[in-house]
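What follows is the residue order along each chain.
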Amino acid sequence: MTYQRLAVLYGLGRSGLVNDAIQTLEKGFLAFGMREDYVKCRILWASSLKISGRCEVALDVLEPLRKMRHEITPALFGRVLLELGDLHQIEGDYDRGLADLNEAATLLREGGQLTGLADAASMLGASCRARGMLNEAIRFYEKGREAYSQLGMKYLEAYMRILLAETYLAMGKLVETERQVLAALPTLQEQHMVVEVTAGLGILQEAARRRSLDPVALREFVQGRGHKRT
């Protein structure tokens, strides 16, 4: 039950409490030979460190788990690689991050881990965007959005739309930018996701500013208003 309580605390953003308590728990699991529980603790610990901005420490927590690949299920190792890939790309090692994320996606797909697969698509999109591969980023973000939609995770689907909107804006596709934000805002407001709502409104303002400076974009916007929003 302790692990479940820590997972709840993590979900509530109480990363400090998670970091303080989880080290004792994961050592207990290892002492009793509970390998998979030990790995899950390390994943939760690393995730908590990541959202606290301590990515180098999180990598130190996870990297030793590569040696345990054959002691745990492929799907669980896919989760390890998922976090490692995200951490490496955050730290600027995009090649290594992309390699880990691609392998994670394969393992999670084979294990039928749909939530993990959606997360992998989102992280792959972020990796591609950081490298200027905007079309590829759109493709992965859209895969993630569709997966979250199928899982009924509306708030994450809405968040993916904001990422799509940011990428479309970077590509100068202002009509698509607006469509994604307007589709996301109702859910974001309903879920009281203030940061994401603010980001969405900022994206809309920037798109409007760019249209005012570009007659062609303004004409496309006017024409696009008559299209059905997705």
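Each value, and the rule that gives it
- Residues numbered from 1 in each chain as written.
- Predicted model: local features only at pLDDT ≥ 70, side-chain atom pairs only at ≥ 80, totals over all residues.
- Heavy atoms only, no water.
- Axes fitted to C-alpha atoms, helices over the stretch in contact; angles between N-to-C directions.
- Helix = DSSP H or I, 4+ residues; strand = E, 2+ residues; numbered from the N terminus.
- Parallel < 35°, antiparallel > 145°, perpendicular 65-115°, else oblique.
- Contact = heavy atoms within 4.5 Å.
- Buried < 20%, exposed > 50% of the residue type's maximum accessible area, 1.4 Å probe, protein only.
- Arc of directions from axis to C-beta.
- Phe/Tyr/Trp six-rings, centres within 6.5 Å; stacked < 30°, edge-to-face > 60°.
- Lys NZ or Arg CZ within 6 Å of the ring centre and 35° of its normal.
- Salt bridge = Lys/Arg side-chain N within 4 Å of Asp/Glu carboxyl O.
- Polar contact = N/O pair within 3.5 Å; in protein donor to acceptor, adjacent residues only side chain to side chain.
- pLDDT = per-residue confidence, 0-100.

A. Inspection of the packing of helix 3 (residues 35-51) against helix 4 (residues 55-62) at higher detail. One way to put it is that helix 3 packs onto helix 4 with a least axis distance of 8 Å and a crossing angle of 170°. If you check the angle between helix 3 and helix 4, you find them roughly antiparallel. The residues of helix 4 that touch helix 3, namely those facing R42, I43, W45, A46, L49 and K50, are C55, V57, A58, D60, V61 and L62.

B. Highlighting helix 4. Taken as a whole, helix 4 has its buried residues at C55, A58, L59, V61 and L62. Viewed end-on, helix 4 has its buried residues packed into an arc of 155°, placing them on one side of the element. Across helix 4 from its buried face, at more than 90 degrees, point the exposed residues E56 and D60. As for helix 4, its buried residues are in contact with helix 3 and helix 5 (74-90).

C. Spotlight on the packing of aromatic side chains. Per the counting criterion, the structure on display carries zero aromatic pairs. Above the plane of the ring of F140 lies R139, whose end atom (NZ or CZ) is 4.6 Å from the centre.

D. Seen up close, the pattern of salt bridges. Scanning all chains against the criterion turns up 16 salt bridges. Residues D95 and R131 are paired through a salt bridge, measuring 2.8 Å at the closest nitrogen-oxygen approach. Of this pair, D95 sits in helix 6 (residues 94-110) while R131 sits in the loop between helix 7 (114-130) and helix 8 (134-150), placing them 36 residues apart in sequence. Residue R131 is classed as partly exposed on the basis of its relative accessible area, which comes to 35%. Put simply, E63, R66, R96 and D100 are held in one network by salt bridges that share partners.

E. Highlighting the environment of E83. Position of E83 among the secondary structure elements: in helix 5. It is 9.1 Å that separates the C-alpha atoms of E83 and K50, two residues lying 33 residues apart in sequence. Once you skip the residues sitting within four places of it in the chain, E83 turns out to touch I43, S47, K50, L62 and M123. Among the polar contacts listed, one links the side chain of E83 to the side chain of K50, at a separation of 3.0 Å.

F. Structural view of the confidence of the model for the chain. Put simply, the chain has an average pLDDT of 84, and 79% of its residues get 70 or more. Per-element confidence in the chain ranges from a low mean pLDDT of 43 for helix 1 (residues 2-11) to a high of 96 for helix 9 (residues 154-171). Segment residues 1-14 is flagged for pLDDT under 50; beyond a separation of four residues in sequence, or across chains, it makes 20 contacts in the model. Across residues 226-230, confidence stays below pLDDT 50; counting only partners more than four residues off in sequence or on other chains, it has seven contacts.

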